[in-house]
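Now for the letters of each chain:
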Amino acid sequence: MIDIHLYETKTANGKAAADFGATAIRSAIAAKGKANVVIATGASQFEMLEALVAAPGIDWSKVTAFHLDEYIGMPETHPASFRKYLKERFTGKLPTLGAFHFVVGDAPDLDAELARMNALLDAHPIDVMFAGIGENGHLAFNDPPADFETAAAYKVVELEERCRRQQFGEGWFPTFDDVPTEAISMTVRRIMSSAVVVLTVPDERKAEAVRHVLEGPVTNMWPASILQQHPSCHLFLDRAAASQLAKKPAPANA
C-alpha cells in the first residue's frame, strides 16, 4: 500500500518529501554506517532536491548515490543531460559526498557501460530511492508496457511517444524530434528492491497517472502502479496532482 502525503503547494510538497527522505538517509547511516541512495531528475524534482541538499544532519561523506536513467547518445553538455542536471543541483552542492556513479549515456560501448553500472548497483543495495511518476505512469524510463521481470539493475529501453512529448513539453529540447528515442534506465525490479521509496509528484499534468497508480490495478500499462506492492513507498502530492483522485486524501499540513 502506498502511503500518501498531500500538500497544498509544489514547494511545500517538495520540502516534505526531502525531509522524509533525509530522515531515511540519516537512519540508514545510523544503522549501517553508510547509505546508498538513488536520486531522481526532471522538473518534478526541483523543489525536493533544493531542500534535500540543505537538509541538516546528513553526513554526506557516508553516502553513495546513483541516478535512475540517462538518454543514449546524450553528451553531458546538453541541457537535457541528467548528468548535467545532477551536477548542477545535487553533487555540485555537496562537496563531501562519498560517491556518485553517473550513467554515461554516450559511452562508446553501451554493453560495457551497462555491465559497469550493473556491477556497481549490485554492490550497493538501495536504502532510499527518490523517484517520480511520468505523465504516462512511467517509473524511471520504464514506459508502458513496462518490463516487470528483468532482474538486472539497468537496461536499454525505448521511449514511447507520450514520454517523449513530456520531455519536450518541459522545455528540455528545442523540438519534439530532438528528443531521443532510447535511454538507459534502472529496471522496475531493482527500483522495487529499495528499502524505502520516496515519490515526489507535483502538477496537474500528473493527475491522470496518479489516479491510475493509486486507484487502478497493478499493470505494466501504468508502470508505477507496481509500487502498490512495495512495503515502504511514500508518495508526496500537491493539490493539483491529486485532483483526479476519487478519494481525496487529507492534507498533511491541515
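Residues numbered from 1 in each chain as written. Predicted model: local features only at pLDDT ≥ 70, side-chain atom pairs only at ≥ 80, totals over all residues. Heavy atoms only, no water.

(A) The packing of aromatic side chains, seen in detail. If you walk through the whole model with that rule in mind, you get 11 aromatic pairs. A centroid spacing of 6.0 Å and a plane angle of 65 degrees characterise the contact between phenylalanine 90 and phenylalanine 100, whose relative ring orientation is edge-to-face. Of this pair, phenylalanine 90 sits in the loop between helix H3 (82-89) and strand S5 (99-101) while phenylalanine 100 sits in strand S5, and the two are 10 residues apart along the sequence. Here the two residues phenylalanine 90 and phenylalanine 100 agree in accessibility, since each one is buried. Ring pairs connect the aromatic residues Trp60, Phe90, Phe100 and Phe102, which therefore count as one cluster. For arginine 89, the ring lying beneath its charged end belongs to tyrosine 85, and the centroid distance is 4.5 Å. (Phe/Tyr/Trp six-rings, centres within 6.5 Å; stacked < 30°, edge-to-face > 60°. Helix = DSSP H or I, 4+ residues; strand = E, 2+ residues; numbered from the N terminus. Buried < 20%, exposed > 50% of the residue type's maximum accessible area, 1.4 Å probe, protein only. Lys NZ or Arg CZ within 6 Å of the ring centre and 35° of its normal.)

(B) Looking closely at the sheet that holds strand S9 (residues 196-201). The sheet built from 7 strands is open, its strands ordered S1-S10-S9-S6-S2-S3-S5 with parallel pairing. Both outer strands of the open sheet, strand S1 (2-7) and S5, are each paired with one neighbouring strand and no more. Within the sheet, the average angular offset between the axes of one strand and its neighbour, ignoring direction, is 20 degrees. Sheet strands touched by helix H1 (residues 10-32): S1, strand S2 (35-39), strand S3 (63-67), strand S6 (128-131), S9 and strand S10 (233-238). Its angle to S9, the strand with the most contacts, is close to 165 degrees. (Pairing = 2+ DSSP bridges. Axes fitted to C-alpha atoms, helices over the stretch in contact; angles between N-to-C directions. Contact = heavy atoms within 4.5 Å.)

Keep in mind these values describe shape, not function.
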